[in-house]
Amino acid sequence: MYCFDRAIDRDDSEAKSLARELLDVVSRQCAFCGREAKDDETFMKCGKCQAVHYCQKSCQVAAWKSGHKINCTAKYKPPTGFAKLMPGGILPPGVDPETGAGLRIMLPDGTCHTIGSDANGK
C-alpha cells in the first residue's frame, strides 16, 4: 500500500493512474472479511497506517488481534521543514523538525553551536 501512496506523490502520470485504480479497488473491500462496499458505502481505514479498510468495527478489531498489529506502521510522510535537510529526514531526539532548534552543529572554527540558542549557547 505504501508504494501506491508514494507513486501518487511522484510526477509519473502512468504510475499515478495505476496506483489510484489499485487504491480504489482495495478501499472498496474489507481487509478482514472481504466484503465489498456498496456504491454509496465508505469503509473506515485503519487509524494508524491508513492502508487497509474495514466494513465494521468488529472486523477491524478481529484483524488487529489476528496479526495486523504486527505489520501496521504509521503512514509514510515525507520529511518537512528542517528535517528535509537531514539524511533520511531523521533528526536527533529533542530537535524541532520545522526549525531545527536544539540541533548541535560544529562550526568551521571547531566550536559547537546549538541552533535556536543565544551566543552563549544557552
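Here the structure is a predicted model, which is why all the values come from computation and not from measurement.

Reading the values: the criteria
- Residues numbered from 1 in each chain as written.
- Predicted model: local features only at pLDDT ≥ 70, side-chain atom pairs only at ≥ 80, totals over all residues.
- Heavy atoms only, no water.
- Helix = DSSP H or I, 4+ residues; strand = E, 2+ residues; numbered from the N terminus.
- Buried < 20%, exposed > 50% of the residue type's maximum accessible area, 1.4 Å probe, protein only.
- Contact = heavy atoms within 4.5 Å.
- Areas by Shrake-Rupley, 256 points an atom, 1.4 Å probe, with all protein chains shown as cover.
- Salt bridge = Lys/Arg side-chain N within 4 Å of Asp/Glu carboxyl O.
- Core = buried A, V, L, I, M, F, W, Y, C linked by side-chain atoms within 4.5 Å.

## Digging into the overall build of the chain
Looking only at helices and strands, the chain features three helices and four strands. The linear arrangement of helices and strands in the chain, starting from the amino end, is α-α-β-β-α-β-β. Put simply, the chain has 122 residues, and 25% of those count as buried. Considering only contacts in the chain between residues 6 or more positions apart, those separated by 24 or more positions represent 24%. Carbon together with sulfur atoms contributes 55% to the accessible area of the chain, which is approximately 8700 Å² in total.

## Looking at the environment of Pro-93
Within the secondary structure layout, Pro-93 lies in the loop between helix H3 (57-71) and strand S3 (104-106). The exposed category is assigned to Pro-93, whose relative accessible area is 82%. Note: C-alpha distance between Pro-93 and Leu-103 (10 residues apart in sequence) is 9.1 Å.

## Comments concerning the pattern of salt bridges
Summed over the entire model, instances satisfying the criterion amount to one salt bridge. Here Arg-35 and Glu-41 are joined by a salt bridge, their closest N and O atoms 2.8 Å apart. Look at Arg-35 and you get partly exposed, because its relative accessible area is 32%.

## Quick look at the nonpolar core
Nonpolar side chains in soluble globular proteins generally cluster together in the buried interior. Cys-30, Ala-37, Phe-43, Cys-46, Cys-49, Ala-51, Val-52, Tyr-54, Cys-55, Cys-59, Ala-63 and Cys-72 together form the largest nonpolar core, which totals 12 residues. Contact partners of Ala-37, with chain neighbours within four places excluded, come to Arg-28 and Phe-43.

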